[in-house]
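Residues per chain, in single letters:
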Amino acid sequence: MLLKRFAQNRNVSVLFAVILLSSLSVNLSTPIWAFYITSLGASVVELGYISAIPSAVSAFVNILGGSLSDRYGRRKLNALGTCLGTLPPLFYIFAKNWVELIPWVILSGLAGGLGMPVRWSMIADSSSEDRRAMMFGLMNIALLLGMTVAPILGGLIADAYGIRTTFVLYFVLMSASFFCSLLLQESMKPLSRHQTQKSDTAESRTFVGTMLIVLTLNVAVATGTGIYSPITPLFLEKRFSTVYADVGILYAIGFGLSSMMVQIPGGKMATKYNRKKLVIVTTVLSTPFFGLFALSRSFVECVILMFLSNVILNLSWPAYQDLTMALTPPSRRGLMNGLSGTSFLAGMMIGQAISGILWESFGMFLPYYLSAVLVLISALPAFFLKETGSRAQP
């Protein structure tokens, strides 16, 4: 029944394709990015900085893009962001040193900042309240399917044909995502200034309170998980002499597959149980596995520990998205998703920027221990979220 409704909803079906193709393209570079940047002369610290730049740009643009979509509509902004996203991989190929990558990672961040908050708002606009969590779960699968398949494919292509060939496929897939985005229909009517500002006092207070909680939670959890990304390929190479494809397998199974397999169960749980409690419990239970990653004695243990940390943490992803939208007026969904994206990317930027510093100053293990602590801290703001409807009952 759910898949039938999904197929009958044109916007949701096209959004699935747009998100899947975008995710496939961007995540092709996951296993090779650290090696490519360091091969162009960057140190581990400089690797962290350049990895943080797209997050910094997206963090700024997310709010602007989300707010503009509330005022002027979502379709055109999404198409613009996807179109801009086709350009960076072409210019990555021709970089002669790591500094020449900077303009193009900035453009990549701009493209992502325009597109992502708009897409999540379109999902909420196009879904009924009783099906919204499940639709978020399905869209998360599209995102995560790219994260599962693309790292393996990117690593295999890099091993067989060279790193730059991976960027060519990145361009092709992002171009396909752009053409799909042209098929989307506008999900909401542009709002006048009077309509945008019209809300009662209680609704405004709820929105502001939710916004502050979401910002705090996102920064904490994203800083914790952001520490992982720049240094983990180097950690694997130093500890276990892995190749590009091994890094791809780790991310594909440890993050992509683990997170993807719990989206449908997570969406179903979000429709039946208290979403706030679900977020708190899964966050706390996932924490030990983030720290234990540093103590892995083999590549297989690394895969298992990353798998466990993400399968538990991301079980509540649809519940968190659904609860956030339930607490947000429809006329402010773009702004909320923009603020949510900004806070998450700000945390990622902080985590990526400090990862190399922690590695070089305190060794390869401390970053993973700090990651676990920050994920645990992120459960605290969730206690202040307000559950809605029948699920608010104990």
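Because the structure is a prediction, the values reported are computed rather than measured.

Asker: What am I meant to see in the overall build of the protein chain here?
Answerer: For the protein chain, the helix and strand inventory stands at 20 helices and 0 strands. Computed over its C-alpha atoms, the radius of gyration of the protein chain comes to 20 Å, within 12% of the 21 Å expected for a compact globule of 394 residues. Based on the C-alpha atoms only, the size of the protein chain along its principal axes is roughly 55 × 45 × 40 Å. Among the 394 residues that make up the protein chain, the fraction classed as buried is 58%.

Asker: Please clarify how the pattern of salt bridges should be interpreted in this entry.
Answerer: Pairing between side chains becomes possible if they bear opposite charge and their charged atoms approach one another. Evaluated as defined, the whole model comprises 7 salt bridges. A salt bridge links Arg-333 to Asp-125, with the nearest nitrogen and oxygen atoms 3.3 Å apart. Remark: Asp-125 occurs in helix α7 (residues 102-125) and Arg-333 occurs in helix α18 (residues 333-362); sequence separation between them is 208 residues. Here Asp-322 ties to Arg-275 by a salt bridge, and the two come within 2.8 Å at their closest N and O atoms. Of this pair, Asp-322 sits in helix α17 (residues 317-326) while Arg-275 sits in helix α15 (residues 275-292), and the two are 47 residues apart along the sequence. Comparing Asp-322 with Arg-275 shows no difference in burial state: the two are buried. Residues joined in a network through salt bridges with shared partners are Asp-70, Arg-74, Asp-125 and Arg-333.

Asker: Can you walk me through the environment of Ile-249 in this structure?
Answerer: Mapping Ile-249 onto the fold places it in helix α13 (residues 244-260). Since its relative accessible area comes to 31%, Ile-249 is described here as partly exposed. Taking the C-alpha atoms as reference, Ile-249 lies 8.4 Å from Gly-155; in sequence the two are 94 residues apart. Setting aside anything within four residues of it in sequence, one finds Ile-249 in contact with Ile-152, Gly-254 and Phe-299.

Asker: Would you mind showing me how to read the packing of aromatic side chains here?
Answerer: Think of a pair of aromatic rings as described by two things: how far the centres are apart, and how the planes are tilted against each other in angle. Counted under the stated rule, the structure contains 14 aromatic pairs. Each residue in the set Trp-33, Tyr-36, Tyr-92, Phe-167 and Tyr-170 is aromatic and connected to the rest through ring pairs, giving one cluster.

Asker: Help me understand the packing of helix α12 (residues 228-240) against helix α19 (residues 366-377), please; the structure alone is not making it clear to me.
Answerer: When two helices pack together, their arrangement is captured by the angle between the axes and the distance separating the axes. Where α12 contacts α19, the two axes come as close as 11 Å, and the packing angle between them is 145 degrees. Classified by chirality, the crossing of α19 by α12 is left-handed. Where α12 approaches α19, its residues Tyr-228, Ile-231, Thr-232 and Phe-235 are matched on the opposing element by Pro-367, Tyr-368 and Ser-371. Broken down by class, the residue content of the contact of α12 with α19 amounts to 5 nonpolar, 2 polar and no charged.

Asker: Could you clarify how one ought to interpret the packing of α18 against α19 in this entry?
Answerer: At a closest axis distance of 8 Å, the pairing of α18 and α19 adopts a crossing angle of 130 degrees. Judged by the inter-axis angle, α18 sits oblique to α19. Here Ile-354, Ser-355, Leu-358, Trp-359 and Phe-362 of α18 come into contact with α19, specifically with Leu-366, Pro-367 and Leu-370. Split by residue class, the contact of α18 with α19 holds 7 nonpolar, 1 polar and no charged.

Asker: What should I look at first to understand the nonpolar core in this one?
Answerer: In a soluble, globular protein the nonpolar side chains are often hidden away together inside. Membership of the largest hydrophobic core comes to 98 residues, with the highest contact counts inside it found for Leu-101, Phe-167 and Phe-235. The element best represented in this core is helix α8 (residues 132-161), accounting for 11 residues.

Asker: Would you mind going over the side chain of Ser-309 with me for this structure?
Answerer: By the secondary structure assignment, Ser-309 is in helix α16 (residues 299-313). In contact with Ser-309, other than residues within four places in its own chain, are Ser-286, Phe-289 and Phe-290.

Asker: So what exactly am I meant to see when it comes to the confidence of the model for the protein chain here?
Answerer: Reading predicted coordinates in detail is not appropriate for stretches of low pLDDT. Looking at the protein chain, the pLDDT average stands at 85 and 92% of residues meet or exceed 70. Across residues 191-197, confidence stays below pLDDT 50; counting only partners more than four residues off in sequence or on other chains, it has 8 contacts.

Asker: Any chance you could explain a nonpolar patch on the surface here in plain terms?
Answerer: A contiguous nonpolar surface patch, about 450 Å² in accessible area, is contributed by Ile-152, Leu-156, Ile-249, Ile-253, Leu-257 and Met-261. Elements with a minimum of two residues in the nonpolar patch: α8 and α13. At 3 residues, α13 tops the list of elements feeding residues into the nonpolar patch.

Asker: What is the right way to look at the environment of Gly-41 in this model?
Answerer: Residue placement: Gly-41 occurs in the loop between α3 (33-39) and α4 (44-72). Owing to a relative accessible area of 53%, Gly-41 belongs among the exposed residues under this scheme. Taking the C-alpha atoms as reference points, Gly-41 and Lys-96, separated by 55 residues in sequence, lie 9.3 Å from one another. Those residues in contact with Gly-41 that sit more than four places away from it in its chain are Glu-46 and Trp-98.

Asker: Mind showing me how you'd approach the environment of Arg-332 here?
Answerer: With respect to the secondary-structure elements, Arg-332 resides in the loop between α17 and α18. With relative accessibility at 18%, the residue Arg-332 sits in the buried group. Along the sequence, Arg-332 and Lys-238 sit 94 residues apart, while their C-alpha atoms lie 47 Å from each other.

Asker: Help me understand the state of the cysteines, please; the structure alone is not making it clear to me.
Answerer: Should the sulfur atoms of two cysteines be covalently bonded, the bond is a disulfide. One pass over the full model with this rule turns up 0 disulfides. In this structure Cys-180 is not part of a disulfide, and its nearest cysteine sulfur, from Cys-83, lies 14 Å away.

How each quantity is defined
- Residues numbered from 1 in each chain as written.
- Predicted model: local features only at pLDDT ≥ 70, side-chain atom pairs only at ≥ 80, totals over all residues.
- Heavy atoms only, no water.
- Helix = DSSP H or I, 4+ residues; strand = E, 2+ residues; numbered from the N terminus.
- Rg over C-alpha atoms; globule rule 2.2 N^0.38 Å.
- Buried < 20%, exposed > 50% of the residue type's maximum accessible area, 1.4 Å probe, protein only.
- Salt bridge = Lys/Arg side-chain N within 4 Å of Asp/Glu carboxyl O.
- Contact = heavy atoms within 4.5 Å.
- Phe/Tyr/Trp six-rings, centres within 6.5 Å; stacked < 30°, edge-to-face > 60°.
- Axes fitted to C-alpha atoms, helices over the stretch in contact; angles between N-to-C directions.
- Left-handed = near helix turned anticlockwise from the far one by under 90°.
- Nonpolar A, V, L, I, M, F, W, Y, C, P; charged D, E, K, R; others polar.
- Parallel < 35°, antiparallel > 145°, perpendicular 65-115°, else oblique.
- Core = buried A, V, L, I, M, F, W, Y, C linked by side-chain atoms within 4.5 Å.
- pLDDT = per-residue confidence, 0-100.
- Patch = residues over 30% accessible without salt bridge, like charges linked within 9 Å, V, L, I, M, F, W, Y side chains within 5 Å.
- Areas by Shrake-Rupley, 256 points an atom, 1.4 Å probe, with all protein chains shown as cover.
- Disulfide = S-S within 2.5 Å.

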